[in-house]
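Spelled out, the chains give:
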Amino acid sequence: MKNLTAIKGVGEFFAEKLRQGGYQSIANIVNVNAKSLCADTGIPLSHAARIIKEAQSLIAKTDSEKYVVGVDMGGTKILAAIITGDGTILSRAKTATKAHKDPTQVIDRIADCINKAIKQAGLSKASIQSVGIGAPGPLDPKDGVIIFAPNLNWYNVPLKKELESRLNIPTFLDNDVNVGTVGEFTHGAGQGANSLVGIFVGTGIGGGIILNGKLFHGTNKTAGEIGHMIVKANGPKCNCGNSGCLEAISSRTAITKKIRKAVLKQGRKSHILELNDGNLDNIRSKTLAKAVASGDKVTIKVIRRTAKYLGIGIASVVNFLNPEMIILGGGVVEALDDEFIKRIRKFAKAYALPNTMDGIEIVTAKLGDDAGVIGASVLARQNLGTTY
Ligand SMILES: [Zn+2]
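Everything in this summary refers to the structure shown in the same document. (Residues numbered from 1 in each chain as written. Predicted model: local features only at pLDDT ≥ 70, side-chain atom pairs only at ≥ 80, totals over all residues.)

Below, the discussion takes up the overall build of the protein chain. Along the backbone of the protein chain there are 14 helices and 13 strands. Looking at the protein chain as a whole, 46% of its 388 residues are labelled buried. Within the protein chain, contacts between residues at least 6 apart in sequence are counted, and of these 65% link residues at least 24 apart. (Helix = DSSP H or I, 4+ residues; strand = E, 2+ residues; numbered from the N terminus. Buried ≥ 20, exposed ≤ 12 C-beta atoms within 10 Å, placed from the backbone. Contact = placed C-beta atoms within 7 Å.)

Ranked by internal contacts, the top residues of the largest apolar core, which has 99 residues, are Val71, Ala80, Ile82, Ala117 and Ile326. Among the elements that make up this core, the one with the highest residue count is helix 11 (residues 297-321) (ten residues). Lining this core are residues from two domains, each supplying at least three of them: domain 2 (66-181) and domain 3 (189-365). Ala80 has contacts with Val69, Val71, Ala93, Cys113, Ile114 and Ala117, leaving out every residue within four places of it along the chain. (Core = buried A, V, L, I, M, F, W, Y, C linked by C-beta atoms within 7 Å. Domains from an automatic or database assignment.)

This brings us to the sheet that holds strand 11 (residues 214-215). Here five strands make up an open sheet; going across it, the order is 11-10-9-12-13 and the pairing mixed. For this open sheet the edge positions go to strand 11 and strand 13 (361-364), each flanked by a neighbour on one side alone. Examined bridge by bridge, strand 10 (residues 205-211) and strand 11 share two bridges and lie antiparallel to one another. When the sheet's bridge partners are listed, Ile210 is paired in strand 11 with Leu215. On top of the sheet, helix 6 (residues 176-187) reaches strand 9 (196-201), strand 10, strand 11 and strand 12 (325-329); it is set at about 50° to strand 10, its chief contact. (Pairing = 2+ DSSP bridges. Axes fitted to C-alpha atoms, helices over the stretch in contact; angles between N-to-C directions.)

The geometry of helix 8 (residues 252-265) relative to helix 11 is characterised by a closest axis approach of 10 Å and an angle of 145° between their N-to-C directions. In this structure, helix 8 crosses over helix 11, and the sense of that crossing is right-handed. For the pair helix 8 and helix 11, the contacting residues are Ile255, Lys258, Ile259, Ala262 and Val263 in the first and Val298, Thr299, Val302 and Thr306 in the second. Classifying every residue of the contact of helix 8 with helix 11 by side-chain character gives six nonpolar, two polar and one charged. (Left-handed = near helix turned anticlockwise from the far one by under 90°. Nonpolar A, V, L, I, M, F, W, Y, C, P; charged D, E, K, R; others polar.)

Let us now look at unusual backbone geometry. Residue Pro138 is reached from Gly137 by a cis peptide bond, and omega for that bond is 5°. Relative to the helices and strands, Pro138 resides in the loop between strand 4 (130-135) and strand 5 (139-140). Phi is positive for Asn153, which is not a glycine, with a value near 60°. Considering the arrangement of structural elements, one finds Asn153 in the loop between strand 6 (145-149) and strand 7 (154-157). Owing to 12 C-beta atoms within 10 Å, Asn153 belongs among the exposed residues under this scheme. The backbone phi angle of Asn322 is positive, close to 50°, even though this residue is not glycine.

Quick look at the pairing of strand 12 now. Among the five residues in strand 12, five count as buried, and that is most of the element. Taking every second residue as pointing to the same face, both faces of strand 12 are buried, with Met325, Ile327 and Gly329 on one and Ile326 and Leu328 on the other. In the sheet, strand 9 pairs with strand 12 via five bridges, with the strands oriented parallel. Across the sheet, Leu196 pairs through a bridge with Met325, a residue of strand 12. Here strand 12 runs beside strand 13; their pairing, made up of four bridges, is parallel. If you follow Ile326 over to strand 13, its bridge partner there is Ile362.

The subject of this paragraph is the sheet that holds strand 7. In space, the three strands of this open sheet follow the order 5-6-7, with antiparallel pairing throughout. The two strands at the open ends of the sheet, each matched to only one other strand, are strand 5 and strand 7. Sheet analysis places strand 6 next to strand 7, joined by three bridges and oriented antiparallel. Residue Ile146 lies in a different strand from strand 7, and its bridge partner there is Val157.

The next thing to look at is helix 4 (residues 103-120). Since there are 3.6 residues in each turn of an α-helix, residues three or four apart along the chain are aligned in direction. Given a rise of 1.5 Å per residue, 18 residues ought to cover 26 Å, and the 26 Å separating the end C-alpha atoms of helix 4 matches this to within 8%. Every buried residue of helix 4 is accounted for by Val106, Ile107, Ile110, Cys113, Ile114, Ala117, Ile118 and Gln120. (Expected span 1.5 Å × (residues − 1).)

What follows covers the pairing of strand 3 (residues 89-96). As judged from the seven bridges shared by strand 2 (residues 77-83) and strand 3, these two strands associate in the antiparallel manner. Within strand 3, the position partnered with Ile78 by the bridge is Thr95. Hairpin connection of strand 2 to strand 3: five residues between the antiparallel strands, including Gly87 at a positive phi of 90°.

What follows is about the environment of Lys297. Looking at the element boundaries, Lys297 is found in helix 11. In this structure the C-alpha to C-alpha distance between Lys297 and Arg268, which are 29 residues apart in sequence, comes to 9.2 Å.

Remark: helix 6 packs on helix 14 (residues 370-383), axes separated minimally by 7 Å, with the N-to-C direction vectors making an angle of 85°. As far as their axial angle goes, helix 14 and helix 6 are roughly perpendicular. Residues Asp176, Val179, Gly180, Thr181, Val182, Gly183, Glu184, Thr186 and His187 of helix 6 lie in contact with helix 14, whose contacting residues are Ala371, Gly372, Ile374, Gly375, Ala376, Val378 and Leu379. Here the residues of the contact of helix 6 with helix 14 sort into seven nonpolar, seven polar and two charged. (Parallel < 35°, antiparallel > 145°, perpendicular 65-115°, else oblique.)

If you check helix 13 (residues 338-351), its first and last C-alpha atoms are 20 Å apart, about what 14 residues at 1.5 Å a residue would give, namely 20 Å. What helix 13 keeps buried is the set Phe340, Ile344, Arg345, Phe347 and Ala348. Each element contacted by the buried residues of helix 13 is listed here: helix 11, strand 12 and strand 13.

This is the structure in structure tokens:
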């Protein structure tokens, strides 16, 4: 009996240590503290497993309303994180998507990744309130169905239903860019704003809209498709079938195409080929940044054009919607320097109507890869118990 009370006391001690330590190092915490604590309390060291269990159930009991899982599901990797109400990430798990596999197997992998994150946080499934997922779209957030995801080759996959049946935890789904925008709005560069537009520049270009503090989905849940805003009539062909979309000029895919054409077809001199390990099929964002920093003329010209058209796109957004803030994120923006952002601001101002840009900030995102999981956790929390 004395031992049991003592175990509870030590359990509490470890529960606190686990909270402080980000829940990631149970073994370490026990190794460092167990010996002296067991000696002090008279509990044999062989009881360590029971102590850990006690600590975990204490965490589950006392912190149960606080935890949700945020998931960022991409074509190559799945990230899952346990997140508290204030946006603190307690644990993370990562796994390869293996998009070539059957959707059922990919969904199994998502569920495994979530379970891994829960376990790593030292929590039980019962202590998780809900799961939020940012996934590639178009999708139906209400029913939780991915309508079409080209990079996964998914058509009408009921992801919400499938995950709920595997995890037995309420699950909510939204577009990955919307979720990233929400993350930046609540915990990143957009804190305190009432309306903003998030623009993420990577292999494609996606956008998310916050209006009056809420994510705006639009009638067909497709609002925010800034990548397909036409910024150059008769411009380069876009994957969507149109020509001159922002994505067809300023995405990493478009930048790569333009550089490749300049080097291979027009014979322009550039050392980006060496910087990108001899291939020009997929130029990484970091390589672009290196080429710009080293003065590579071809790359600098293409990047300046990229910034110009992003500026033109933003000018239209500001003319039309007049949000308080534009947040720029994604791999390309993260890799490039201030010069890139300054150029975007310059063109946005030049193309926007007089005074419409006054006081509107164009800033870079703050959360990096975490925007997705944090935004997904916020949506999971907000949607819990509500209907669309
Ligand atoms: Zn397009």
